[in-house]
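Reading the structure
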Amino acid sequence: MTVLLVNKFHYRKGGSETYYFALAELLRSAGHRVLFFAMQDVCNEPCEQAGYFVSNVEYNGPAGALQKLKSAAKLLYSAEARDRFDALLQQEQPDLVHLNLVHRQITLSILEPCQKRGVPVVFTQHDLICVCPNYTCLSPDGVCEECLGGHFAPCVRHKCVKGSAAKSLLAAVEARLYRLRGSYDKIDRYLCPSAFYQTLLQRCRFTKAPILHLPNFLPADTVYEWARPQRGALLYLGRLTPEKGVATLLRALAACPGARLRIAGDGPGRAGLETLAAELGLGERAKFLGFLRGQALAGELHGCRGVVLPSEWYENGPYSVMEALSCGKPVLGSRIGGIPELVREGETGFLFPPKDAPALAGAMQKLLTLPETEYAALCEGCVRFAKERFSAAAHLRALTGIYEKTIAEKKAGRAKG
């Protein structure tokens, strides 16, 4: 079949792009034809469909009043994206469209040509944008579910979007307009990497379409094997932003004498975290490595004793956990969002309450002092779990089954019409 993948970024930026590009490779390996639609960007990977891509829209940089107004209008509805997408559909005639990140820069205006041409649509929920204007269920005070009932005034009141009243208002208007237009009922199926996201989205009743659970996968060439640690340090890998809980992690490290932490990642919170580490007197026990990728990141992952994910928001299906488990690294994870689906107590790691530095320190101490026979058994359990849970072949079978059912139902609906 011919599948058109849609994601606003056509370069490797985060977890959604990891899935987007890995899925394209997986589908192609099975003989399917893959097309792309995204936003223009100098960072984009080469693509035959690049001529159809929508113009780059930047909402966070400096701009004049007129430019801001134009950007705000495009956030709510992009006629350019609609028309370019329609031209791509007409030219390539895909069997199915698979959405990933589309809000704001692309918008759901692209659903109109899908409906006009009878092309079925599935939508992977990498975040919570369909029910939360801030897409993370976070307000300045922490986890927040006030908007999940479909009333988005709390987003404006709390200035949830980048601390800006204007951006929060625009996001709330966008969310309300999509509800009024019935945009989410124009999608045939929703796919959630975590059962937690599936349950939360079903509870919100924002669509009549089925919401399914389909876990993420690791590439087909993944080597599932315990990489014995060369050093006894723990590893954090991810962005350095408040919701990731790294401040809590540093406080836990201070309460766990002898423990060492290597931090692979960057972000707007780095300077503040480095200051906190100095104030706590962590010295060389907390090493900030910056953003790593490729062999450098693999080396850190293979060399650590375990990985820590101290998140304080509703994580979905984190690739950092998946990659850690595939090479036999136990994970210390917050008991929040989709993390407990991957971090099984005593089987693939240990859990602790989010924002609880003493509990995290206890989990760190437990992992670091495990007898070597117990540690080896835990690591081998991680590999077994990952091999069973993150299989690319199993994901392909399940996804193509969903595709085929969605296409058949769309054809049956057109025949009735």
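Residues numbered from 1 in each chain as written. Predicted model: local features only at pLDDT ≥ 70, side-chain atom pairs only at ≥ 80, totals over all residues. Heavy atoms only, no water.

When its secondary structure is counted, the protein chain shows 15 helices and 14 strands. Taken against the 2.2 N^0.38 rule, which gives 22 Å for 417 residues, the C-alpha radius of gyration of the protein chain at 22 Å falls within 12% of a compact globule. Structurally, the protein chain occupies a C-alpha span of about 65 × 50 × 40 Å along its principal axes. Taking all 417 residues of the protein chain together, 55% fall into the buried category. (Helix = DSSP H or I, 4+ residues; strand = E, 2+ residues; numbered from the N terminus. Rg over C-alpha atoms; globule rule 2.2 N^0.38 Å. Buried < 20%, exposed > 50% of the residue type's maximum accessible area, 1.4 Å probe, protein only.)

What follows is about the packing of aromatic side chains. On inspection of all chains with the given rule, the structure shows 14 aromatic pairs. A ring pair is formed by Phe385 and Phe390, whose centres lie 6.0 Å apart and whose planes are at 85°; its orientation type is edge-to-face. Side by side, Phe385 and Phe390 carry an identical accessibility label, which is buried. Every member of this aromatic cluster is reached through a ring pair, and the members are Phe123, Tyr178, Tyr184, Tyr190 and Phe206. The positively charged end of Arg12 is found above the aromatic ring belonging to Phe21, 4.4 Å away from the centroid. Just above the ring of Phe9 sits the side chain of Lys13; from NZ or CZ to the centre is 4.7 Å. (Phe/Tyr/Trp six-rings, centres within 6.5 Å; stacked < 30°, edge-to-face > 60°. Lys NZ or Arg CZ within 6 Å of the ring centre and 35° of its normal.)

Here the focus is helix α9 (residues 270-279). Helical geometry: 3.6 residues make up each α-helical turn, so side chains three or four residues apart lie on a common side. Taken together, the buried positions of α9 are occupied by Leu273, Leu276 and Ala277. Buried residues along α9 cover an arc of 100° about the axis, so they all sit on one side. Residues of α9 that are exposed and angled more than 90 degrees away from the buried face: Ala271, Ala278 and Glu279. Those residues of α9 hidden inside the fold are in contact with α8 (246-254) and β11 (286-290). Two residues or fewer after α9 comes Gly281, characterised by a positive phi angle close to 70°. (Arc of directions from axis to C-beta. Contact = heavy atoms within 4.5 Å.)

Among the nonpolar cores identified, the biggest contains 133 residues, and Val6, Val97, Leu99, Leu250 and Met364 are the most heavily contacted of them. If sequence neighbours within four positions are ignored, Val97 has contacts with Leu4, Val6, Phe85, Leu89, Cys114, Val119, Pro120, Val121 and Val122. Of all hydrophobic cores here, the second largest spans eight residues; its members include Cys147, Phe152, Cys155 and Ala172. (Core = buried A, V, L, I, M, F, W, Y, C linked by side-chain atoms within 4.5 Å.)

Strand pairing in a sheet takes place through backbone hydrogen bonds and is either antiparallel or parallel in direction. One open sheet accounts for six strands, arranged β11-β10-β9-β12-β13-β14; its pairing is parallel. Each edge of the open sheet is held by one strand with a lone partner, namely β11 and β14 (349-352). Put simply, the sheet's adjacent strands are angled 25° from each other on average, direction ignored. Here strand β10 (residues 261-264) runs beside β11; their pairing, made up of four bridges, is parallel. Bridge assignment links Ala264 to a residue of β11, and that residue is Gly290. (Pairing = 2+ DSSP bridges. Axes fitted to C-alpha atoms, helices over the stretch in contact; angles between N-to-C directions.)

What follows deals with the sheet that holds strand β7 (residues 189-192). Spatial ordering of the open sheet is given by β2-β1-β3-β4-β7-β8, a layout of six strands whose pairing is parallel. Looking at which strands have only one partner, the edges of the open sheet turn out to be β2 (33-37) and β8 (211-213). Direction aside, neighbouring strands of the sheet carry axes that sit 25° apart on average. Bridge analysis of strand β1 (residues 2-6) against strand β3 (residues 96-99) gives four bridges, and the strand direction is parallel. What sits directly across from Leu4, in β3, is Val97.

Look at Lys159: it is not a glycine, yet its phi comes out positive at around 55°. When you line up the elements, Lys159 lands in the loop between α5 (153-158) and α6 (165-181). Despite not being glycine, Lys355 shows a phi value in the positive range, around 70°. With respect to the secondary-structure elements, Lys355 resides in the loop between β14 and α13 (357-368).

Before going further, it helps to examine the pairing of β10. Strand direction decides the pairing type here: strand β9 (residues 234-237) and β10, joined by four bridges, are parallel. Bridge pairing in β10 links Leu237 to Ala264. Handedness of the β9-α8-β10 crossover: right-handed. For the crossover from β10 across α9 to β11, the handedness is right-handed. (Right-handed = clockwise from strand over helix to strand, strands pointing away.)

Remember that the coordinates give geometry; whether it matters functionally is a separate question.
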